[in-house]
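# Chains, contacts and geometry: an overview
Chain by chain, the residues:
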Amino acid sequence: MSENEKLERSRRRTKIILITITVLFIVLMLVVPLLSVIVNSLREGFTFYIESISTEYVRHSLLVTLLATGIAVVVNTIFGICAAWLLTKFSFRGKQILATLIDIPFSISPVIVGLAYLMTFGRLGWFYPVLRAFNQHFGTDVRIAFAIPGVVLATVFVTFPFVSREIIPVLNVQGKDEEEAAALMGAKGFTIFRKITFPHMKWGLIYGIILCTVRALGEFGAVNALSKTRGETFTLPLEIDALYMSGTKTSITAAFAVSSILVILAIILLIARNIIEHRGKEKEPKGTR
């Protein structure tokens, strides 16, 4: 056997081993747990499944989840576009500091984020006297901690890097030449963004929005610190936890049933992500691949 044949045989063996390890890991760590959720959610029958996901608590927690996710996606999309455009198209002092600050939610535990908001807007927080003065002056009952605004703020915080971090690499690859040429020819700022910048980053933007949505739907730690009232401020992950911790056989099955909603939503969004990623690669010029 020649050296080339030995090398090719070794590479083939290594490839088979790596593929086997990867497939086994994915099956054990992802596929089996997801199938377990679906199977356990139907343990008491389809009728019980429908009843479990249609209770008032579940409906309200789903609405809170969708509300917080929707606001987080809108806010982070606007912020992500602005931050990515600023960091890639302009030079200024503190640029690296700003880029580092954007990544803070990646490095801080969501539980700590929730506690930080609680110590800021709760009864012992430094901002609480401002809220109390505002409510007394206008006769309102505005609350942040243990209310919907706190849930929204926590969701926005833990998800805001996702959009910008998907756009920044795309704009870095694009460079500034096209935009500078358009500016020299008399094009205005918004026209340059609409005609040149946005078409380059739109696939990365959509990809980031999907990742932001998936992350927001499953957020637990930060929201748990700021949401303590079932049926009012609970999101779906918190409702699942409440059902599971109640300990009865039917409540645990109901927890799996509600979990299946998030599983289905996550699978749909991830499939959409892969389709968009594939289409984005097809749209790229051949020389950039």
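Note that the structure is predicted; figures quoted are calculated from it, not measured.

## Considering the overall build of the protein
- Each helix and strand counted, the protein has 14 helices and zero strands in total.
- Computed over its C-alpha atoms, the radius of gyration of the protein comes to 24 Å, more than 25% above the 19 Å expected for a compact globule of 289 residues.
- The principal-axis extent of the C-alpha atoms belonging to the protein is close to 65 × 60 × 30 Å.
- The long-range share in the protein, meaning contacts at least 24 apart out of those at least 6 apart in sequence, stands at 72%.
- As presented, the protein carries roughly 17,500 Å² of accessible surface, and 67% of it is formed by carbon and sulfur atoms.
- Taking the average place of the 30 positive charges on the side chains of the protein and the average place of its 20 negative ones, the gap between the two points comes to 3 Å.

## Thoughts on helix 11 (residues 189–217)
- A rise of 1.5 Å per residue sets the reference length of helix 11, with its 29 residues, at 42 Å; its end C-alpha atoms lie only 35 Å apart and thus fall more than 12% short of the reference.
- For helix 11, the principal kink sits at Phe198 and spans about 55 degrees; a proline, Pro199, occurs within the next four residues.

## Brief notes about the nonpolar core
- Residues Tyr117, Val151, Ala154, Ala222, Val223 and Leu226 are the most contacted members of the largest nonpolar core, which totals 20 residues.
- If you list the elements that add at least two residues to this core, you get helix 3 (56–89), helix 6 (110–121), helix 8 (148–159) and helix 12 (221–226).
- Counting residues per element, this core draws most heavily on helix 8, which supplies five residues.
- Counting residues in each nonpolar core, the second largest holds 19 residues, with Val73, Ala84, Ala99 and Val163 among its members.

## Let's talk about the UniProt feature "transmembrane region" (unreviewed entry) in the protein
- Mapped onto the present numbering, the UniProt feature "transmembrane region" (unreviewed entry) falls at residues 16–42, 62–86, 98–122, 142–163, 204–226 and 252–276.
- Each end of residues 16–42 is marked by a C-alpha atom, and these two atoms are 37 Å apart; helix forms 96% of the span and strand 0%.
- Secondary structure across residues 252–276 divides into 100% helix and 0% strand, with the first and last C-alpha atoms of the span separated by 36 Å.

## Observations concerning unusual backbone geometry
- The residue Phe146 is not glycine, and still its phi comes out positive at about 60 degrees.
- Residue position: Phe146 is located in the loop between helix 7 (128–138) and helix 8.

## Some words on the packing of helix 6 against helix 8
- Closest axis-to-axis distance for the helix 6/helix 8 pair is 10 Å, and the angle between their directions is 135 degrees. Taken as axis vectors, helix 6 and helix 8 run oblique relative to one another. With respect to the hand of their crossing, helix 6 and helix 8 are arranged in right-handed fashion. Note on element contacts: helix 8 touches helix 6 through Leu153, Ala154, Phe157 and Val158, opposite Pro110, Val113, Tyr117 and Phe121.
- Looking at side-chain class alone, the contact of helix 6 with helix 8 contains eight nonpolar, no polar and no charged residues.

The rules behind the values
Residues numbered from 1 in each chain as written. Predicted model: local features only at pLDDT ≥ 70, side-chain atom pairs only at ≥ 80, totals over all residues. Heavy atoms only, no water. Helix = DSSP H or I, 4+ residues; strand = E, 2+ residues; numbered from the N terminus. Rg over C-alpha atoms; globule rule 2.2 N^0.38 Å. Contact = heavy atoms within 4.5 Å. Areas by Shrake-Rupley, 256 points an atom, 1.4 Å probe, with all protein chains shown as cover. Lys, Arg positive; Asp, Glu negative; His and termini not counted. Charge placed at Lys NZ, Arg CZ, Asp CG, Glu CD. Expected span 1.5 Å × (residues − 1). Bend = angle between axes of the 7 residues up to and from the residue. Core = buried A, V, L, I, M, F, W, Y, C linked by side-chain atoms within 4.5 Å. Buried < 20%, exposed > 50% of the residue type's maximum accessible area, 1.4 Å probe, protein only. UniProt positions renumbered as here; feature names shortened; annotations may be inferred. Axes fitted to C-alpha atoms, helices over the stretch in contact; angles between N-to-C directions. Parallel < 35°, antiparallel > 145°, perpendicular 65-115°, else oblique. Left-handed = near helix turned anticlockwise from the far one by under 90°. Nonpolar A, V, L, I, M, F, W, Y, C, P; charged D, E, K, R; others polar.

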